[in-house]
Amino acid sequence: MGSERADALRAAHQAITAIDGGSVAAWLALGEGAFSSRADKLRHLQRMPSFEGDVLDPAQSHGDLLLHITGSSARAVQQAAEQTLRALPQQQVRWRADGTRPENRAEDGRGLSRNPFHFTEGHGNPATAAEITERATIRAGQGEPSWAIGGSYEVIRIIRLATDFWDRDTLDEQERITGRRRNGRWLDGTPRTERAVFATDPHGKITPLDAHVRRAAPNPRTPPPMVRRSYNYHRAPDDQGLIFSCFQSDLEKGFEAVQRRLQGEAMAKYTLTTGGGYFFVPPPGEAWLSALTES
């Protein structure tokens, strides 16, 4: 890695480490532009492609470094962000997205919140730390560089939601489009903490074949190998939606496989992805930093 890129990476790592802890949780993720040589690169890291229906704004997409900062209050996050950017005067902010998690809570081991469509997010996530690790982190034998083991691919999607359009539909129609009740219960009556069996409804009479959850995970007993953590954003009455975020060990088997299955879903007419990108969250510690900056 070139000395200029190496210095920038060290500075970013130090800046994000300085604010991580207490009321703030923060991490650094790397975009493809953070790497100066093919030898350093990961198998799946690239610029996020434009999927069917996307209208990606270059000013809100991609980037060399992602600083993901969360906190117990908007003030704590704002102060941490300002401190971090002051420590990185040579870096230019490409885009920024501020979000919230209304009704943020943990139930049955899963982090839940309410999305702009008034539905509870997070029921499809794993309930234990071991399951989260299994889905989200890279392991030996995946063909990735040794320094990347223990890290995770992160996808960010800025999804504008047609909330006014959505709110004109009846609750029953919204639930059929989603494939769950607002409280997370499955349409066939299966409790939200259990897995539905779509095989007993092959023609979609109960859960439509184009429902969001059915397209995303056709067999809920083998859920997609990824972990979601999304946030609501509201920039203007006609620009509000979801900052979708997910983590996985393999982009092709995780996010990209789900995205392909979602093509043609009933919810598509209410959503428009305008930005985001693919990034890599390094493993804990500094061994990865030494491996990259000394190469």
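In case you missed it, the structure is sitting above this.
This text gives an overview of the structure that appears in the document. (Residues numbered from 1 in each chain as written. Predicted model: local features only at pLDDT ≥ 70, side-chain atom pairs only at ≥ 80, totals over all residues. Heavy atoms only, no water.)

Observations regarding helix 1 (residues 3-19)
At step 1: Taking 1.5 Å as the rise per residue, helix 1 with 17 residues should run 24 Å; its terminal C-alpha atoms sit 25 Å apart, in good agreement.
At step 2: Three or more residues of helix 1 are buried, namely A6, L9, A12, H13, A15, I16 and I19.
At step 3: Packed against the buried residues of helix 1 are strand 1 (24-30), strand 2 (65-71), helix 2 (74-86) and helix 8 (287-293).
At step 4: In the segment just after helix 1, G21 is the residue with positive phi, at about 130°. (Helix = DSSP H or I, 4+ residues; strand = E, 2+ residues; numbered from the N terminus. Expected span 1.5 Å × (residues − 1). Buried < 20%, exposed > 50% of the residue type's maximum accessible area, 1.4 Å probe, protein only. Contact = heavy atoms within 4.5 Å.)

Some words on unusual backbone geometry
At step 1: Although it is not a glycine, E103 adopts a positive phi angle of roughly 55°.
At step 2: Classification of E103 as partly exposed rests on a relative accessible area of 47%.
At step 3: Even without a glycine there, the phi angle at H118 is positive, about 75°.
At step 4: Its place among the elements puts H118 in the loop between strand 4 (110-114) and strand 5 (120-121).

Comments concerning the pattern of salt bridges
At step 1: Scanning all chains against the criterion turns up 11 salt bridges.
At step 2: For the salt bridge of R160 with D239, the shortest nitrogen-to-oxygen distance reads 3.4 Å. Pair noted here: R160 is in strand 6 (residues 152-161) and D239 is in strand 9 (residues 239-248), with a separation of 79 residues, a long-range link.
At step 3: A residue is classified by how much of its surface remains accessible, and R160, at 31% relative accessible area, is partly exposed.
At step 4: Among the charged side chains, a network of salt bridges with common partners joins R105, E107 and R192. (Salt bridge = Lys/Arg side-chain N within 4 Å of Asp/Glu carboxyl O.)

Overview of the sheet that holds strand 4
At step 1: One open sheet accounts for 3 strands, arranged 3-4-5; its pairing is antiparallel. In this open sheet, the two strands that pair with only one neighbour each are strand 3 (105-107) and strand 5.
At step 2: Judged from the 2 bridges that link them, strand 4 and strand 5 form a sheet pairing that is antiparallel. For R114, the partnering residue across the bridge sits in strand 5 and is T120. (Pairing = 2+ DSSP bridges.)

Focus: the pairing of strand 10 (residues 271-281)
At step 1: Within strand 10, 9 of the 11 residues are buried, which leaves it mostly tucked inside the rest of the structure.
At step 2: Relative to strand 10, strand 6 runs antiparallel, the two sharing 10 bridges. Bridging across to strand 10, S152 finds its partner in V281.

With respect to the side chain of H123
At step 1: Inspection of the secondary structure puts H123 in the loop between strand 5 and helix 3 (129-136).
At step 2: Non-local contacts of H123, meaning those with residues more than four positions away in its chain, are made with R110, L112, R180, N183, G184 and R192.

Here we look at the environment of W186
At step 1: Topologically, W186 is positioned in the loop between helix 5 (171-178) and helix 6 (212-216).
At step 2: For W186, a relative accessible area of 5% puts it in the buried group.
At step 3: Considering only alpha carbons, one finds W186 and R261, 75 residues apart in sequence, at a separation of 20 Å.
At step 4: Setting aside anything within four residues of it in sequence, one finds W186 in contact with G179, R180, R181, P191, R192, E194, R195, A196, F198, V213 and P220.
At step 5: Only 2.9 Å separates the side chain of W186 from the backbone oxygen of E194, close enough to count as a polar contact. (Polar contact = N/O pair within 3.5 Å; in protein donor to acceptor, adjacent residues only side chain to side chain.)

Observations regarding the pairing of strand 1
At step 1: Among the 7 residues in strand 1, 5 count as buried, and that is most of the element.
At step 2: Examined bridge by bridge, strand 1 and strand 2 share 7 bridges and lie antiparallel to one another. Its bridge partner lying in strand 2, L30 is registered against L65.

Structural notes on the packing of aromatic side chains
At step 1: With the rule as written, the count across this model stands at 13 aromatic pairs.
At step 2: With a centroid separation of 4.1 Å and 10° between ring planes, the pair formed by F117 and W166 is classed as stacked. On the criterion of sequence distance, the pair formed by F117 in the loop between strand 4 and strand 5 and W166 in helix 4 (residues 163-167) is long-range, its members being 49 residues apart.
At step 3: Of the residues examined, F117 reaches a relative accessible area of 4% and is grouped as buried.
At step 4: Judged by relative accessible area, W166 falls into the buried class, the value being 0%.
At step 5: Through a chain of ring-to-ring contacts, the aromatic side chains of F117, F119, F165, W166 and Y270 assemble into a single cluster.
At step 6: Geometry around Y231 places R101 over its ring, the cationic atom sitting 5.9 Å from the centre. (Phe/Tyr/Trp six-rings, centres within 6.5 Å; stacked < 30°, edge-to-face > 60°. Lys NZ or Arg CZ within 6 Å of the ring centre and 35° of its normal.)

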